[in-house]
Amino acid sequence: MTALSPHLRQATPVLAARGEGVHLYGEDGRRYLDFTAGIGVTSTGHCHPKVVAAAQEQVGTLIHGQYTTVMHEPLRRLVDKLGEVLPAGLDSLFFTNSGSEAVEAALRLARQATGRPNVLVCHGGFHGRTVAAASMTTSGIRFRSGFSPLMSGVVVTPFPTPFRYGWDEETATRFALKELDYTLQTISSPADTAAIIVEPVLGEGGYVPVNRAFIEGLRERADRHGFLLIFDEVQTGVGRTGRFWGHDHFGVTPDILVTAKGLASGFPLSGIAASEELMAKAWPGSQGGTYGANAVACAAACATLDVVRDEKLVENAEAMGKRLRHGLEAVADRTPGIGDVRGLGLMLATEFVTEDGSPDPETAARVQRAAIDEGLLLLLCGAWNQVVRMIPALVIDEAGVDEGLQAWTNAVEAGTSGAADR
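Below or above, wherever it landed, is the structure these notes cover. (Residues numbered from 1 in each chain as written. Predicted model: local features only at pLDDT ≥ 70, side-chain atom pairs only at ≥ 80, totals over all residues. Heavy atoms only, no water.)

1. Re helix H13 (residues 398-416)
Consideration 1: Over its 19 residues, H13 runs 26 Å from end to end, which matches the ideal 27 Å to within 8%, given 1.5 Å per residue.
Consideration 2: Considered for burial, the residues of H13 that qualify are Gly400, Val401, Gly404, Leu405, Ala407, Trp408, Thr409, Ala411, Val412, Gly415 and Thr416. (Helix = DSSP H or I, 4+ residues; strand = E, 2+ residues; numbered from the N terminus. Expected span 1.5 Å × (residues − 1). Buried < 20%, exposed > 50% of the residue type's maximum accessible area, 1.4 Å probe, protein only.)

Below, the structure is given as structure tokens:
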């Protein structure tokens, strides 16, 4: 008998039969509140009627029109719709299938445009699992071990993570920028540095947001030294953080923006955006791919952007994120084993620690499993998997948030009971 790889283990025991909004239903008929959203993918919820209708209509007319062979109308519409929400000046797009591919496209463009070999990455970042993307990933060894040698030219610089360092935000930021300057003086000369890539909120690294001073510091150094600033918005984009793009919180525009996940409500679609001048510096033939900008995925993405706009999901993410965070902080205030609650919008996390402040993945795992018993689906992240993250669909309402918080409260009580005795 054939089977899936034994390493493809599901985070929950649910055998999903169907999804609707913020809920998944198992084959046994049980309803689950889904705070995973396909790892942040089903931005408009499971099977939003308008997304379903757009995809169904497209399937009946043109499933795939390979976009370096022919043009198709869903792609033209998507380019126009993204033009309404992209930062000013990022007016040229290239599409592919996954976040990893888009990250590698951004890297390729940066190297070709600057003629420089190196890329700076922030410690704790996650950029994908393909070789180049994994080489730029430092959120956990599981993503980059066992297939060396990795791609050369990657240089790691600190990310301002106040909780991990035990500092306030200002101190952590000052340290990270000072170390970046030291890195540019000792490891990667500015003349060898093509770009720095950063997530506005670390994803797999533990849901740690950047801050305005750090982002402004990156922009200033990129401008001064002539390298590019790349924002990996694979997880933070399309309203997830309570702004359309995660970097909108900080008032700094990148040279290259990477997007994927929530862009098409579950259909595989990703891309990069840059200025037309910068994109023109890509070498001929360097951008392409068989499935990129698939017609059905583009139709779903157009519908997704319409739903996000018409149903004011960005604003909803901000409001429901505040409500959810308030509840998470209330639970943390009465739970000694919770060290930190953080995030932006509907991208929130709780970090579990032992009595001496060390990462506590065992308790995090118990709480995540207890949440399943309560009908709440969650995921782990962080270097030790000590962080429980919440990424519900942007359509969640007050009732859904409150239901999730009640389940979370029960799960934390169950997962931490007797922890002090262990």
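Right, picking up where we left off after that structure.
2. Here's the deal with the pairing of strand S9 (residues 256-259)
Consideration 1: On S9, burial covers both faces: Ile256 and Val258 on one face and Leu257 and Thr259 on the other are all buried.
Consideration 2: Of the strand pairs in this sheet, strand S8 (residues 228-233) and S9 are connected by four bridges, and their pairing is parallel. From the neighbouring strand, Asp232 faces S9, where its bridge partner is Val258.
Consideration 3: Sheet topology places S9 next to strand S10 (residues 270-274); four bridges connect them, and they run antiparallel. Across the sheet, Ile256 pairs through a bridge with Ala274, a residue of S10. (Pairing = 2+ DSSP bridges.)

3. As for the nonpolar core
Consideration 1: Ranked by internal contacts, the top residues of the largest apolar core, which has 84 residues, are Leu78, Ile256, Ile272, Leu324 and Trp408.
Consideration 2: With residues up to four places along the chain from it excluded, the contact list for Trp408 reads Leu328, Val331, Thr350, Phe352, Val367, Leu376, Leu378, Val388 and Met390.
Consideration 3: Counting 30 residues, the second-largest nonpolar core is a separate cluster that includes Leu120, Val198, Phe214 and Met347. (Core = buried A, V, L, I, M, F, W, Y, C linked by side-chain atoms within 4.5 Å. Contact = heavy atoms within 4.5 Å.)

4. What about the sheet that holds S9?
Consideration 1: The strand order across the open sheet built from seven strands is S4-S10-S9-S8-S7-S5-S6, with neighbouring strands paired in mixed fashion. Every interior strand has two partners, whereas the edge strands, strand S4 (92-96) and strand S6 (154-157), have only one. Neighbour-to-neighbour, the strand axes of the sheet open up by a mean angle of 20°, direction not taken into account.
Consideration 2: Pairing of strand S5 (residues 118-122) with S6, which is carried by four bridges, proceeds in the parallel orientation. (Axes fitted to C-alpha atoms, helices over the stretch in contact; angles between N-to-C directions.)

5. As for the pattern of salt bridges
For side chains of opposite charge, pairing can occur when their charged atoms come near one another.
Consideration 1: Taken as a whole and assessed by the stated rule, the structure comprises 22 salt bridges.
Consideration 2: Residue Glu318 pairs with Arg243 through a salt bridge whose shortest N-O separation is 3.3 Å. Remark: Arg243 occurs in the loop between S8 and S9 and Glu318 occurs in helix H11 (residues 313-333); sequence separation between them is 75 residues.
Consideration 3: Judged by relative accessible area, which is 31%, Arg243 ranks as partly exposed.
Consideration 4: Look at the salt bridges and you will find they share partners, linking Lys81, Asp306, Arg309 and Asp310 into a network. (Salt bridge = Lys/Arg side-chain N within 4 Å of Asp/Glu carboxyl O.)

6. Topic: unusual backbone geometry
Consideration 1: Here the residue pair Ser148 and Pro149 is connected by a cis peptide bond, since its omega of 5° sits within 30 degrees of zero.
Consideration 2: Position of Pro149 relative to the elements: it lies in the loop between helix H5 (131-135) and S6.
Consideration 3: Positive phi outside glycine occurs at Lys261, with the angle close to 35°.
Consideration 4: Checked against the element boundaries, Lys261 lands in the loop between S9 and S10.
Consideration 5: One non-glycine residue, Ser265, lies in positive phi territory at about 55°.
Consideration 6: Mapped onto the fold, Ser265 is located in the loop between S9 and S10.
Consideration 7: Given the relative accessible area of 11%, Ser265 is considered buried.

7. A short note on the environment of Ala330
Consideration 1: Mapped onto the elements, Ala330 comes out in helix H11.
Consideration 2: When the C-alpha positions of Ala330 and Leu405 are compared, they lie 10.0 Å apart, and in sequence the two are 75 residues distant.

8. Focus on helix H10 (residues 295-310)
Consideration 1: Spanning 16 residues, H10 covers 23 Å between terminal C-alpha atoms, matching the ideal 22 Å at 1.5 Å per step.
Consideration 2: With 13 of its 16 residues buried, H10 lies for the most part within the structure.
Consideration 3: Residue Asn294 occupies the N-cap position of H10, its side-chain oxygen lying 2.9 Å from the main-chain nitrogen of Val296.
Consideration 4: Taken from the residues just after H10, Lys312 is the one with a positive phi, measuring 50°. (Polar contact = N/O pair within 3.5 Å; in protein donor to acceptor, adjacent residues only side chain to side chain.)

9. Comments concerning the packing of helix H7 (residues 169-186) against helix H8 (residues 212-225)
Consideration 1: Contact geometry of H7 with H8 gives a least axis separation of 9 Å together with a crossing angle of 20°. The angle between H7 and H8 places the two elements in the roughly parallel class. Of the two elements, H7 crosses H8, and the hand of that crossing is right-handed. Contacts from Thr173, Ala176, Leu177, Leu180, Asp181 and Leu184 of H7 reach H8 at Ala213, Phe214, Gly217, Leu218, Arg221 and His225.
Consideration 2: A breakdown of the residues in the contact of H7 with H8 according to their chemical character gives seven nonpolar, three polar and two charged. (Parallel < 35°, antiparallel > 145°, perpendicular 65-115°, else oblique. Left-handed = near helix turned anticlockwise from the far one by under 90°. Nonpolar A, V, L, I, M, F, W, Y, C, P; charged D, E, K, R; others polar.)

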